[in-house]
Amino acid sequence: MSGPLTRAEAEDLLYREALVLDRGEWDAWLELYTTDAIFWMPAWRDEVTPTSDPDSELSLIYYRGRRNLEDRVWRARSGMSVASSPLPRVVHAVTNVVLESADETGGRTASSFTVHLHDRRSERSHVFFGRYEHHLVHHDGAWRIAAKKILLLNDVIPTVVDFYSI
Amino acid sequence: MFQGRLAELIEDRPDDGVFRVSRAIFDDPDIFTLEMRRIFEAGWIFLGIASQAAAAHDFFTTTVGRVPVLVTRDGTGQLHGFVNSCPHKGSRVAQVMQGNARLHVCPYHSWTFDSAGQNKAIKWKKAGCYSEGFDQTSHNLAPLPAFGEYRGFVFGSLSADVPSLTDHLGEAAKLLDLVADQSDEGMELVPGGVTFTYDANWKLQLENCSDAYHFTSAHPSYIRVLEQRQKQADDSVVKSVFENSDYWTGESEGVAGGSYSFAHGHVLNWGRFGISEALPLYERADQLAQKHGRAKRDWMFNMRNLTIFPNLQIAENASSQLRVIRPLSAGKTEMRTWCIAPKGESAEARRQRIRQYEDFFNPSGMATPDDTVSYENCQRGFASGVEPWLQGYARGQTASKPGGNIFSKALGMEPERSVLSDAQLCDETLYHSYYREWARRMAGAVKA
């Protein structure tokens, strides 16, 4: 791979992320992230304003460092979390991918997502939807995710939302 | 309507050592309707904190039972609570969560109210051919029949037939002081509220906050993650307040904490944490001891889960959370939650508090989902009338003592009952306070 990040390459990475989450291939999911990756889902200040400064405002999730995502994966697999066992079935749909900036080192994308979730245990289906912003970088011969922001629009959470359903 | 008797719902026979609660009180829709009328729409309900409407003309909205409520600060700085409903046709006047407005204009027919609730305009009044009788009626927003503030905690009631707010809070007010006194400037809500629902009864949240027994059973995955982080600490993971305490391992010896029960259904369970630098409050440890004395300072650092019956909980354990419980139906509850913090803390302490909060308290975190999914499992089980009595109110019965103990004395606080416990006692008698108040409020609506 050489040259600036293309939209096709960016889309390929975003769709791959969706697929490995849907399949529950979480080791492959973690591999898509750099070790110092930022994973951020803001909360909302009011009806229209998401929080913007994770150090002084609350987020739904804010991690700096892939290690934290590894903790989340470990927990979901541990068998020690009733909320994570049995897992709901999920399918991510990522659309409207726009490459907002790109060069040889990386680029930024904006996209829209819906995650359909069916929790067989509670006999409940739900759709989480919103927008993603990905910062992709070139690392070890592949494009990887250095930062992902998940702007969840329907933020009245029905019981549980976790990394695999956003 | 519910045709059964109170004695079929709560069996309270202290002389025989019996306290049992029926599954029906969580599951029966008629009982839910009575709870709305007798508890949520007829008594003191927590509305918010004063700093949510800090400046002149600031306002925020909330609900009391099923009723929309508007809290405003008028131009003179006085707080007011109103039913958020236009006297004209009943529409909500303010529709947003919070804001600043000198005038509130009803979006339906433009009746206009100032921030003190006074009607300032009825559109086309002169041309309206109103009768004299209309002119003699108040067109102001209806004030809440009871409204008050204690140390920045704002309460209201849809009934005037309530004790004073001071009497309602009673000795539990001293536990609100422990929150309010963490800063000379008072406390605030960190921007960004989180709302979630669960498909189970509101009293499951009431109980879970006070439930020391579930922690190592429901949250082992969270505990293991903390242990792992502690072993391999680096800058990418947040310090845990549990690091310097063996409270949660269930293996500590001696007095690990306990519970206090108060009149009107308020309860606290607590654990000894010690003055740990993992707590964001650590930067103020000396200052707080100088100002309030060492004993009260130490209490501020203890783990504390406080319920002010029926809808306010302040949990200071993994971080600091203010929760408002909003029952939607017998089987569905909405939780509105915020990180509550002392004003003026350092940016680093605030950041640490927020990170600790997100991991533990959020519905997107590593602990709360394991609670709420358990509530839903309970709710399923509550459908059974085969053996209606639940057995979860029995731990601590021989340890519960009338009055306080040396730890409450340190605060000058006199609870109705107290339990001192080691790590494994996990008192359940503090729930009795919830259900005795529940029974007191429901008496008359349900046959004795």
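Rules behind the numbers
Residues numbered from 1 in each chain as written. Chains lettered and ligands numbered in written order. Predicted model: local features only at pLDDT ≥ 70, side-chain atom pairs only at ≥ 80, totals over all residues. Buried ≥ 20, exposed ≤ 12 C-beta atoms within 10 Å, placed from the backbone. Helix = DSSP H or I, 4+ residues; strand = E, 2+ residues; numbered from the N terminus. Pairing = 2+ DSSP bridges. Axes fitted to C-alpha atoms, helices over the stretch in contact; angles between N-to-C directions. Contact = placed C-beta atoms within 7 Å. Nonpolar A, V, L, I, M, F, W, Y, C, P; charged D, E, K, R; others polar. Parallel < 35°, antiparallel > 145°, perpendicular 65-115°, else oblique. Left-handed = near helix turned anticlockwise from the far one by under 90°.

1. As for the pairing of strand S16 (residues 267-271) of chain B
Residue and element names in this part refer to chain B.
Point 1. S16 sits mainly inside the fold: five of its five residues count as buried.
Point 2. In S16, alternate side chains face the same way, and those of Val267, Asn269 and Gly271 on one face and Leu268 and Trp270 on the other are all buried.
Point 3. As defined by bridge partners, strand S15 (residues 257-261) adjoins S16 across five bridges and the pair is classed as antiparallel. Residue pairing across strands places tyrosine 260 opposite leucine 268, the latter belonging to S16.

2. A word on the sheet that holds strand S5 (residues 67-73) of chain B
All names here are of chain B.
Point 1. If you walk across this open sheet you meet the four strands as S6-S5-S4-S7, and the pairing is antiparallel. Only two strands of the sheet have a single partner each, and these edge strands are strand S6 (79-83) and strand S7 (98-100). Within the sheet, the average angular offset between the axes of one strand and its neighbour, ignoring direction, is 25°.

3. As for the environment of valine 67 of chain B
Residue and element names in this part refer to chain B.
Point 1. Structurally, the position occupied by valine 67 is in strand S5.
Point 2. As a C-alpha pair, valine 67 and valine 83 span 16 residues in sequence and 7.2 Å in three-dimensional space.
Point 3. When sequence neighbours within four positions are dropped, the list of residues in contact with valine 67 reads Glu41, Val83 and Leu158.

4. Structural notes on the interface of chain B and chain A
Point 1. Tallying the contact residues gives 37 residues for chain B and 36 residues for chain A.
Point 2. Partitioning the side of chain B that touches chain A into residue classes produces 19 nonpolar, 11 polar and seven charged.
Point 3. Of the pairings in the sheet, the one linking strand S7 (residues 156-158) of chain A to strand S14 (residues 194-198) of chain B comprises three bridges and is parallel in character. Paired with isoleucine 157 of chain A across the bridge in S14 of chain B is phenylalanine 196 of chain B.

5. A closer look at the packing of helix H9 (residues 285-292) of chain B against helix H10 (residues 294-301) of chain B
All names here are of chain B.
Point 1. Where H9 contacts H10, the axes come no closer than 7 Å and their chain directions differ by 135°. With respect to H10, the axis of H9 lies oblique. Judged by the sense of rotation from one axis to the other, the crossing of H9 with H10 is right-handed. Across the interface between the two elements, Ala285, Leu288, Ala289 and His292 of H9 pack against Arg294, Lys296, Arg297 and Met300 of H10.
Point 2. In the contact of H9 with H10, the residues fall into four nonpolar, one polar and three charged.

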